[in-house]
Amino acid sequence: MPPDQPAFPKIPGQHGLATYRQLREAGWTEAQIRHRRATSWQTPYPGVVVPHRGPVAGPELLTALALWAGPAAVLTGLTALSLHAVKAPPPAVATFLVPQTARAREHGLARSVRTCRQPRVALRDGLLAVAPAARALVDAVCLEATCLERLRPSDLEALTITILQRGLATVEELDAELWQRPQAAVTSLRSGLESFTQGAWSRPEAVLRRLWDAHPSLPELLTNRTLVHTPTGRFLGCPDGYLPTLGVAIQVHSRQYHQGIDDQGGDRWAATVEKDSAMVGAGLRVLGVTPWTLHAQPRRFLARVEQLVELGPPAPMPLVRHTEPAARR
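Residues numbered from 1 in each chain as written. Predicted model: local features only at pLDDT ≥ 70, side-chain atom pairs only at ≥ 80, totals over all residues. Heavy atoms only, no water.

Student: Looking at this structure, I do not really get the overall build of the protein. What am I missing?
Tutor: Per the secondary structure count, the protein includes 13 helices and 16 strands. Here the protein has a C-alpha radius of gyration of 26 Å; the compact-globule value for 329 residues is 20 Å, and the former is much larger. Principal axes of the C-alpha set define a box for the protein whose edges measure 90 × 40 × 30 Å. The buried share of the protein, reckoned over its 329 residues, is 46%. Sequence-distant contacts, at least 24 apart, represent 57% of the contacts inside the protein between residues at least 6 apart. When the accessible surface of the protein is split by element, carbon and sulfur atoms take 55% of a total near 16600 Å². Placing the 36 positive and 28 negative side-chain charges of the protein at their respective mean positions leaves the two points 5 Å apart. (Helix = DSSP H or I, 4+ residues; strand = E, 2+ residues; numbered from the N terminus. Rg over C-alpha atoms; globule rule 2.2 N^0.38 Å. Buried < 20%, exposed > 50% of the residue type's maximum accessible area, 1.4 Å probe, protein only. Contact = heavy atoms within 4.5 Å. Areas by Shrake-Rupley, 256 points an atom, 1.4 Å probe, with all protein chains shown as cover. Lys, Arg positive; Asp, Glu negative; His and termini not counted. Charge placed at Lys NZ, Arg CZ, Asp CG, Glu CD.)

Student: How should I be thinking about the packing of helix α5 (residues 133-143) against helix α7 (residues 171-178) in this particular structure?
Tutor: If you want to describe how two helices pack, look at the angle between their axes and the distance between the axes. Contact pair α5 / α7: the axes reach a minimum separation of 9 Å and the direction vectors enclose 35°. For α5 against α7, the interelement crossing comes out right-handed. In this structure, α5 uses Ala-134, Arg-135, Leu-137 and Val-138 to contact α7, whose residues at the interface are Glu-173, Leu-174, Glu-177 and Leu-178. (Axes fitted to C-alpha atoms, helices over the stretch in contact; angles between N-to-C directions. Left-handed = near helix turned anticlockwise from the far one by under 90°.)

Student: Can you help me understand the nonpolar core in this one?
Tutor: One finds Leu-81, Phe-96, Ile-163, Leu-174 and Leu-189 to be the most contacted residues of the largest nonpolar core, which totals 48 residues. Setting aside chain neighbours within four positions, we find Leu-174 in contact with Ala-134, Leu-137, Val-138, Thr-160, Leu-164 and Leu-193. Judged by nonpolar contacts, the second largest core, of 18 residues, contains Leu-218, Leu-221, Val-305 and Leu-308. (Core = buried A, V, L, I, M, F, W, Y, C linked by side-chain atoms within 4.5 Å.)

Student: Explain the sheet that holds strand β3 (residues 48-50) here, please?
Tutor: The strands that make up a sheet pair up through hydrogen bonds in the backbone, lying either parallel or antiparallel. Overall, antiparallel pairing links the three strands, which are arranged β1-β3-β2 in an open sheet. In this open sheet, the two strands that pair with only one neighbour each are β1 (18-19) and β2 (42-45). Relative to β3, β1 runs antiparallel, the two sharing two bridges. Residue pairing in the sheet places Thr-19 in a bridge with Val-48 of β3. Along the sheet, helix α3 (residues 58-69) makes contact with β1, β2 and β3, crossing β2 at roughly 70°. (Pairing = 2+ DSSP bridges.)

Student: Would you mind showing me how to read the packing of α7 against helix α8 (residues 187-197) here?
Tutor: Remark: α7 packs on α8, axes separated minimally by 11 Å, with the N-to-C direction vectors making an angle of 155°. In terms of axis orientation, α7 runs roughly antiparallel to α8. Remark: the crossing between α7 and α8 carries left-handed chirality. Residues Val-171, Leu-174, Asp-175 and Leu-178 of α7 form the contact with α8, whose own contacting residues are Leu-189, Arg-190, Leu-193, Phe-196 and Thr-197. Here the residues of the contact of α7 with α8 sort into six nonpolar, one polar and two charged. (Parallel < 35°, antiparallel > 145°, perpendicular 65-115°, else oblique. Nonpolar A, V, L, I, M, F, W, Y, C, P; charged D, E, K, R; others polar.)

Student: Even after reading the chapter, I still don't get the sheet that holds strand β14 (residues 248-252), so can you show me in this structure?
Tutor: Pairing is mixed in the open sheet, where four strands are placed in the order β10-β13-β14-β15. With one partner strand each, in any of the chains shown, β10 (222-223) and β15 (285-289) form the two edges of the open sheet. Sheet topology note: the β10/strand β13 (residues 241-243) ladder contains two bridges and is antiparallel. If you follow Thr-223 over to β13, its bridge partner there is Gly-241. Across the face of the sheet, helix α9 (residues 203-213) comes into contact with β10, β13 and β14 while running at roughly 130° to β14. Helix α13 (residues 298-311) rests against β14 and β15 of the sheet, and its axis sits at about 170° to β15.

Student: It is not clear to me how the packing of aromatic side chains should be interpreted in this structure. Could you clarify?
Tutor: Where two aromatic rings form a pair, the distance of their centres and the angle of their planes describe that pair. The tally for this structure, following the rule as stated, stands at three aromatic pairs. Their ring planes at 85° and their centres at 5.2 Å tell us that Phe-8 and Trp-41 sit as a pair that is edge-to-face. Taken together, the residues span a long stretch of sequence, with Phe-8 in the segment before β1 and Trp-41 in the loop between α2 (30-39) and β2 at a distance of 33 residues. Judged by relative accessible area, Phe-8 falls into the buried class, the value being 15%. (Phe/Tyr/Trp six-rings, centres within 6.5 Å; stacked < 30°, edge-to-face > 60°.)

Student: Looking at this structure, I do not really get the pairing of β14. What am I missing?
Tutor: In terms of burial, β14 is a largely internal element, five of the five residues being buried. Here β13 pairs with β14 via three bridges, running antiparallel. Paired with Tyr-242 across the bridge in β14 is Ala-249. Counting the residues in the hairpin turn of β13 and β14 gives four residues, including Gly-247, whose phi is positive at 65°.

Shown next as structure tokens:
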């Protein structure tokens, strides 16, 4: 660097990027900026300078988008969901919400949308402000619908349940957000919310609940109840369904919702199987079913339930008590 040329400003939280205004405040002249743009810098977004010619991706790209969108902008939609670690379809653009007094615009992979309900900031990475998961989910459906065209309503329902199950949004928060939108546009999200409040923690469990409710002659089904061995107080598990009059626990065994490693480094799938064994050891009968069976061959599952009903309760009944749904405790 020539001795008469200032250093590129290193501004905290900007991942090595700067705006034209910040460059000028750091002592760069218009001629120096033009020369560097022509030789070794790039401007992926108007007014945003990257001090190299290589790819702009990851945190650097998000910072560039945030600098372009402005200090009052809040990231929402599918890109925001990805920062909440929610698996969702890739976005076509990154959507930022800006106040009504700002200008709505679009450039490259980003656009800003004016709103009279500027959301609170749930996450922040340097300059990048991220909307809460509930707002991001509803905005994705209402503002980025083309990215979700390949998803079935049941997929959006499952996405809603996942966000609620992981505690990224509360029932009240999502319900309030849904009422702010045209109801026809958020039908699938409303269905997911209702399934969750009824005790379904994943889409297969929601299907189980609906299937059961469609057959009123079946015995009472409790969903997501915590089971405890009465004599010892030992925790037995939280099955997807529980038939208290028959001493039967129903488990929807899906690797999609039970795979991976938990916070203690244990295998979630192995832990699921071991919990089934704990319930059997306490005298419960465990009825396992796959999501595929619930969707494609529900009669097969119902036939197995009817067989258990015909057998009647075991003698003696297992010494097990249940508590309210664990998600609401």
